[in-house]
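# Report on the structure
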Amino acid sequence: MGAVIAEHSLVPPGEASVHDDHYGGARPAPRRAVRPKTAAEIAFCSLGPVAETFIKAAAASGMTSLASDLDELAGLQAAHGPVALVAALERAVVFGRFRAADVRSILAAGAGVARPTRAGDALIVDLPTVATRPLSAYAIGTSHDRPHTGVAR
């Protein structure tokens, strides 16, 4: 009797203070399937999982005008081919760029663009040693006229 079983933080009225541990862990995030309705949406989703990822990420970022860009994205597929478009969509998702103009720019940049990755282990290399000079060797004036003695003046 008198033992504390759990402490919950205070929250405003109408909210709940819940510990996920009490329910076997955190609740999984909702999974919503993309349901293409228009011909442009169906054509875009035919590109595969990257198209669905692109649509979900665009929606999650708050983009509300994706429907108008889907026709242009379908045109990019006709111009560049599905392989190049899929690669551009993957890059667009990584960098959070969801406009058709963004994907067009990625396609225009081509395949030679850098592919940033997460930081890895430290790169340790043996660097060559170099001769050192005293600061007096960098003095302005007649330092090139006098012989180097190795002693700073």
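Anything mentioned here points back to the structure above.
First, a word on scope: everything that follows refers to the structure included in this document. Throughout this document, residue positions are counted from 1 along each chain, in the order its sequence is written. Predicted model: local features are reported for residues with pLDDT of at least 70 only, side-chain atom pairs are reported and counted for 80 or more only, and whole-chain, interface and lining totals are derived from all residues. Values reported for side chains reflect all heavy atoms of the structure, with hydrogen atoms and water molecules removed beforehand.

## Some remarks on the side chain of Asp102
Where we set the bar: Numbering of helices and strands runs from the N terminus; a helix is a DSSP stretch of H or I covering at least four residues, while a strand is a stretch of E covering at least two. Exposure is judged per residue with a 1.4 Å probe applied to protein chains only, and the accessible area is read against the type maximum: over 50% gives exposed, under 20% gives buried, and values in between give partly exposed. Residues adjacent in sequence count toward polar contacts only when both atoms are side-chain atoms; beyond that, a polar contact is any pair of N or O atoms within 3.5 Å, and within protein one must be able to donate a hydrogen and the other to accept it.
You can see Asp102 is positioned in helix α5 (residues 100-109). Given the relative accessible area of 16%, Asp102 is considered buried. At 3.1 Å, the side chain of Asp102 and the side chain of Arg97 are in polar contact.

## Here's the deal with the packing of helix α3 (residues 66-80) against α5
This is how it is decided: Here an axis means a line fitted to C-alpha atoms, over the contact stretch when the element is a helix, while the angle between two N-to-C directions is reported on a 0 to 180 degree scale. Here roughly perpendicular refers to angles of 65 to 115 degrees, roughly parallel to angles under 35, roughly antiparallel to angles over 145, and oblique to all remaining angles. In this scheme, a crossing is called left-handed if the near helix is turned counterclockwise away from the far one by less than a right angle; it is called right-handed if the turn is clockwise. In this description, contact between two residues means that some pair of their heavy atoms is separated by no more than 4.5 Å. All amino acids are sorted into three groups, where Ala, Val, Leu, Ile, Met, Phe, Trp, Tyr, Cys and Pro are nonpolar, Asp, Glu, Lys and Arg are charged, and the leftover types, Gly among them, are polar.
Relative orientation of the contacting elements α3 and α5 amounts to 20 degrees, with a least axis distance of 9 Å. Compared by their axis directions, α3 and α5 come out roughly parallel. Crossing angle aside, the handedness with which α3 passes α5 is right-handed. Of α5, the residues touching α3 (which contributes Asp69, Glu72, Leu73, Leu76 and His80) are Ala100, Val103, Arg104 and Leu107. Taken together, the residues of the contact of α3 with α5 break down into five nonpolar, one polar and three charged.

## Some words on the environment of Lys56
Position of Lys56 relative to the elements: it lies in helix α2 (residues 49-60). With 42 residues separating them along the chain, Lys56 and Phe98 place their C-alpha atoms 10 Å apart. Each residue touching Lys56, except ones within four places of it in the same chain, is listed here: Arg32 and Val34.

As far as function goes, none of this settles anything; it's purely spatial.
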